[in-house]
Amino acid sequence: MKIQAIKGMNDIVAPESRLWQMVESKAREVCRNWGYEEVRTPIVESTALFHRGVGEGTDIVEKEMYTFEDRNGDSLSLRPEGTAGVVRACVEHGWTIQNSILKLFYIGAMYRHEKPQKGRYRQFHQFGIELFGPTSSRADAEVIALGWEFLKQVGVKGLELRMSTLASESCRKPYLQKLTKILKDNIERVPQDFRPRIETNPLRIFDHKSEEAKALAAELPRLMDSLDEESAQHFEGVKRHLTDMGIPFVIDPNVVRGLDYYVHTAFEYVSSELGRTQNAVGGGGRYDGLVELMGGRPTPAVGFGIGLERVLMLLSEKSEVVRPDLFVAIPESENAEVQQKSEEFGFKLAVKVRSEGHYVEVDLDGRSMKGQMKRAVKLNSRFVLIVGENEVQSGKVVLKDMDNQSQVEVPMSQILDILSEKL
Ligand code: AMP
């Protein structure tokens, strides 16, 4: 039997892995500049965590989790998203109690047993941030702006920010009762697979992908049309701060998060380049009720999760191939002692130049001189240094500039200085 990778889980290698590195370091850089610290939580958690934190009545928990029993008979799951684990860690270690404001980010693999297709995998990666503490609309705007800045800096094409408000809990409650009643009264128009959701998650009718749901949703009353003063003010605040920061947005009442602990702002970063059904690059919102639900003290929170596979699909740039600064060529010698000496010199020098921060290649499989030069050309090395019999005997090495084909003979003792000057 041939052993293969699991369906929907990808191997990544250069040149693509180079783009991954660029995207991840950009995420780290943006977070550093906005004061977000990295948090790393386990990939495996108790299944109960996700039932509570992601929520019963979600596709993720009902159909998509990788759940298994470990050898003790405990039910564990691979994390399908990042927030639940981060909140668990905050509550477990009291982080949100010690800090009136806590700003965290994570980058890591997530697992969902979905139908694999372009842009949808069973193992995928998310960059996410969570901001704990502030209730102000400034916090929502900061989180949205950070994600926007990251996506812009990385070079995502066709980017658009879509936003809505889920209002405060007290404002939403009567609306949800009304919505549930209307859906029940029109049950024949509600898609079959959505019917069990009417009680648990009625808002999600607005982001159901079927045509019949869309037609029905267009006729339903909107939460945004019945906001109380607090909810309206909060939403206005977010819009104003985003405008102040020069971030364009579109109000889209179909952006919903169907869980009780979500309040106020909900948003999505989408790209026109991704196609109609899977155009989301990332999404987030305010989830003031979650920390308490996980057993912590009530702590306001807002965050997002961005899918890195989708980000990579949207990059216009191809990764640049990194060229070596130096290729150390060691010609073969019939004299074993000389050969050893040139090898010793060549390898020592390579290590030294590398430790000064330069990229150096050395011949690793004893090719002929011609073969080594060919490889240096193929790698597009900036310089080649030849360390052979004549060179070892004369104490001088030949440094060849591959860009203009000039070469100079330099004393071995000065080679480091000369290279540092040229590189
Ligand atoms: P969600 O946690 O479902 O709001 O997802 C946040 C982001 O993660 C989405 O906008 C996607 O970019 C990405 N994402 C979610 N599920 C997948 C998947 N199965 N494969 C690839 N990316 C995904």
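Refer to the preceding data block for the structure.
As the structure is a prediction and not an experimental result, all values here were calculated from the model.

**Q** Mind laying out the side chain of Arg-197, listing which residues take part and the relevant values?
**A** Mapped onto the elements of the fold, Arg-197 is located in helix 8 (residues 197-200). A distance of 3.1 Å separates the side chain of Arg-197 from the side chain of Glu-62, its partner in a polar contact.

**Q** I'd like a rundown of the sheet that holds strand 8 (residues 250-251), residues and numbers included.
**A** The 8 strands are arranged 1-5-6-11-10-9-7-8 in an open sheet whose pairing can be described as mixed. The open sheet is flanked by strand 1 (37-38) and strand 8, the only strands paired with a single partner. Relative to strand 8, strand 7 (residues 159-165) is paired through 2 bridges, and the arrangement is parallel. The partner of Met-163 across the bridge, within strand 8, is Ile-251. Strands in contact with helix 10 (residues 229-244) are strand 7, strand 8, strand 9 (263-271) and strand 10 (280-286); relative to strand 7, the strand with the most contacts, it is inclined by about 160°.

**Q** Kindly report on the layout of surface pockets, identifying the contributing residues and their values.
**A** Any empty space left between the atoms is revealed when a probe the size of a water molecule rolls over them. In this structure, the second largest pocket occupies an estimated 420 Å³ of space. If you list the elements that add at least two residues to the lining of the second largest pocket, you get helix 10 and strand 9. By residue class, the composition of the lining of the second largest pocket is 4 nonpolar, 9 polar and 7 charged.

**Q** Now, about the packing of helix 6 (residues 137-154) against helix 10: what can you tell me, with residues and values included?
**A** Viewed as axis vectors pointing N to C, helix 6 and helix 10 meet at an angle of 45°, and their least axial separation amounts to 8 Å. It follows from the interaxial angle that helix 6 and helix 10 lie oblique. Helix 6 and helix 10 meet at a crossing whose hand is right-handed. Of the residues in helix 10, those in contact with Ser-137, Arg-138, Asp-140, Ala-141 and Ile-144 of helix 6 are His-234, Gly-237, Val-238, His-241 and Leu-242.

Cut-offs applied
Residues numbered from 1 in each chain as written. Predicted model: local features only at pLDDT ≥ 70, side-chain atom pairs only at ≥ 80, totals over all residues. Heavy atoms only, no water. Helix = DSSP H or I, 4+ residues; strand = E, 2+ residues; numbered from the N terminus. Polar contact = N/O pair within 3.5 Å; in protein donor to acceptor, adjacent residues only side chain to side chain. Pairing = 2+ DSSP bridges. Contact = heavy atoms within 4.5 Å. Axes fitted to C-alpha atoms, helices over the stretch in contact; angles between N-to-C directions. 1 Å grid on protein atoms, 1.4 Å probe; cavity = no way out; pocket = protein on both sides within 12 Å on 5 of 7 lines; lining within 4 Å. Points joined across faces, edges and corners; volume = space filled by probe spheres on them. Nonpolar A, V, L, I, M, F, W, Y, C, P; charged D, E, K, R; others polar. Parallel < 35°, antiparallel > 145°, perpendicular 65-115°, else oblique. Left-handed = near helix turned anticlockwise from the far one by under 90°.

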